[in-house]
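Examining the three-dimensional arrangement
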Amino acid sequence: MPVSRLPLFSPLAARSCAAALLSAGLAVSSVAEACTRIVYHGADGEVITARSMDWKSDVMTNLYVLPKGIERNGEAGPNSIRWKAKYGSVVATGYDVSTTDGVNEVGLEANLLWLAESQYPPFGKDSKPGLTIAAWAQYVLDNFATVDEAVAALEKQPFTIVTDNVPGEDRLTTLHLSMSDASGDSAIVEYVDGKQVIHHGRQYQVMTNSPLFDQQLALNTYWKQIGGTVMLPGTNRAADRFARASFYVNAIPKDEDPNRAVASVFSVIRNVSVPYGLTTPEEPNISSTRWRTVFDHKRKLYFFESALTPNTFWVDLKAIDFSAETGKVMRLDLGKDQDHTYSGNATKDFKPAPAFPFLGLKT
């Protein structure tokens, strides 16, 4: 599958296109859950990825350590893709049936965000092996060390994404995938009209939600013409968060102190978060930020921050035994609404636990 390219716009064309797309964006934004993901390129090769998880109710997230060597399948019935985890990972679950965010031991990150416009190809007995959307990010973390390696494999389309309703809801799970690695490389994977579309390159530092990614790029071209120091859009809509995040992630200083760099990245992802408990009667589906993660790819520190606790904590991947022989599945219980309080290095607070089951196709 060819990698999509960033279209070229003149300032006038960008404004005209942005006006049309803004109207389209307004039409879909009120029915989409909200999340944001950013990749920061800092001093001395520092790369930091951050994301917010915005959802209208408790997403029942916990953190898991998953060692290498685990055998998995796509949970799509007899015609499921099968693999053995080549790399260990630390992941944040959704409803404890899906990997919604995570990092692996060699520094690759994968994030799933909502995209209402997603349309996946049909799945049947003659399709390529099925992969539940709940394990899409985990497949990437288990199998690949870099974005480039993952893109090369995904372009061959080794599986068919299989989706189902959101747990407890009567609506289809529609997501897109982002990936980033320690080199600063990035990729966005979407399914548009049943076809896989991949945007691959260091320049793709931001992902939010609706509209489709190529349309987000066009909208952001308009805001770049105005300039972030002159005016930035301030609402919680996905297109506005995209514009703010795109400006700020490149405007913050490239501090040589990694702790300062992490602090700057946290400030950006907080800037595009949605206040907890926000209610907007005119747009009832705008969702509060539940939690945020920040991953320092160089130091392999995975930071987690809940909206309901005063502390930020981190997991040190360098201190974890990911080996197939002696590594164990471990769980960090975050509590209802992720309200359990941890502080500082929480690596030691993980406890042995069964691996969570991926939500699959009902057969």
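Heads up: these notes are all about the structure in this document. (Residues numbered from 1 in each chain as written. Predicted model: local features only at pLDDT ≥ 70, side-chain atom pairs only at ≥ 80, totals over all residues. Heavy atoms only, no water.)

What you tend to see is this: most non-glycine residues have negative phi, and most peptide bonds are trans. Cis rather than trans, the peptide bond between S210 and P211 has omega equal to 0°. Along the polypeptide, P211 turns up in the loop between strand 15 (206-207) and helix 4 (213-226). Positive phi, normally seen in glycine, also occurs at D193, with a value near 50°. Note on placement: D193 falls in the loop between strand 13 (186-192) and strand 14 (195-200). Residue classification places D193 among the exposed positions, given a relative accessible area of 60%. In this model, K300 sits at a positive phi of 55°, which is unusual for a non-glycine residue. Note that K300 resides in the loop between strand 16 (289-296) and strand 17 (301-306). (Helix = DSSP H or I, 4+ residues; strand = E, 2+ residues; numbered from the N terminus. Buried < 20%, exposed > 50% of the residue type's maximum accessible area, 1.4 Å probe, protein only.)

What follows covers the nonpolar core. Counting residues in hydrophobic clusters, the biggest one holds 88 residues, and the most contacted among them are L63, W136 and M179. For this core, the element with the most residues is helix 6 (residues 258-271), which contributes six residues. Not counting residues within four places of it along the chain, the set of residues in contact with W136 comprises L112, L131, F159, I161, L175, H176, L177, V189 and Y191. (Core = buried A, V, L, I, M, F, W, Y, C linked by side-chain atoms within 4.5 Å. Contact = heavy atoms within 4.5 Å.)

A word on the environment of D337. With respect to the secondary-structure elements, D337 resides in the loop between strand 19 (330-332) and strand 20 (344-345). As a C-alpha pair, D337 and S306 span 31 residues in sequence and 8.3 Å in three-dimensional space. For D337, the contacting residues outside a window of four places in its chain are D58, Y276, R290, S306 and L308. At a separation of 3.1 Å, a polar atom in the side chain of D337 contacts the side chain of R290. (Polar contact = N/O pair within 3.5 Å; in protein donor to acceptor, adjacent residues only side chain to side chain.)

This next bit is on the sheet that holds strand 20. Strand order in the open sheet formed by seven strands is 15-2-3-16-17-18-20, and the pairing between neighbours is mixed. Both outer strands of the open sheet, strand 15 and strand 20, are each paired with one neighbouring strand and no more. One ladder, built from seven bridges, connects strand 3 (residues 47-54) with strand 16; its direction is antiparallel. Looking at strand 16, one finds that T49 is bridged to F295. Those strands touched by helix 5 (residues 238-251) are strand 2 (35-41) and strand 15, and its axis lies near 15° from that of strand 2. (Pairing = 2+ DSSP bridges. Axes fitted to C-alpha atoms, helices over the stretch in contact; angles between N-to-C directions.)

Okay, the side chain of D185 next. Among the structural elements, D185 can be located in the loop between strand 12 (175-180) and strand 13. Summary of buried charges: D185 has no salt-bridge partner, and the nearest side chain of opposite charge, R202, is 7.0 Å away. A distance of 2.8 Å separates a polar atom in the side chain of D185 from a polar atom in the side chain of H200. Those residues within four positions of D185 in sequence are excluded, and the remaining contacts are V147, D148, M179, S180, H200, G201 and R202. (Lys, Arg positive; Asp, Glu negative; His and termini not counted. Salt bridge = Lys/Arg side-chain N within 4 Å of Asp/Glu carboxyl O.)

The next subject is the environment of T146. Structurally, T146 is set in the loop between helix 2 (136-143) and helix 3 (147-154). Those residues in contact with T146 that lie beyond four places of it in its chain are L108 and D181.

Take the packing of aromatic side chains next. Taken as a whole, this structure holds 17 aromatic pairs when the rule is applied. Ring centres of W83 and Y139 lie 5.0 Å apart, and the angle between their planes is 85°; this geometry places the pair in the edge-to-face category. Taken together, the positions of W83 in strand 6 (residues 82-84) and Y139 in helix 2 put the pair 56 residues apart, joining distant regions of the chain. Pair check on accessibility: W83 and Y139 agree, each one buried. (Phe/Tyr/Trp six-rings, centres within 6.5 Å; stacked < 30°, edge-to-face > 60°.)

Another aspect to go through is the pattern of salt bridges. Oppositely charged side chains can form a pair if their charged atoms are brought close together. Evaluated as defined, the whole model comprises 14 salt bridges. With a shortest N-O distance of 3.0 Å, R237 and D240 are connected by a salt bridge. R237 sits in the buried class, given a relative accessible area of 10%. Under the relative-accessibility criterion, D240 is labelled buried at 5%. Put simply, R299 and D296 hold a salt bridge, and the shortest N to O gap is 2.7 Å. Classification of D296 by relative accessible area gives buried; the value is 0%. Each of K56, E169 and R171 takes part in salt bridges that share partners, so that together they form one network.

Here we take up the side chain of N220. Looking at where N220 falls in the secondary structure, it is placed in helix 4. Judged by relative accessible area, which is 8%, N220 ranks as buried. Once residues within four sequence positions are removed from consideration, N220 is found in contact with F242, A243 and S246.

Glancing now at helix 2. Across the eight residues that make up helix 2, a large majority, eight, are buried. Within the span of helix 2, buried status applies to W136, A137, Q138, Y139, V140, L141, D142 and N143.

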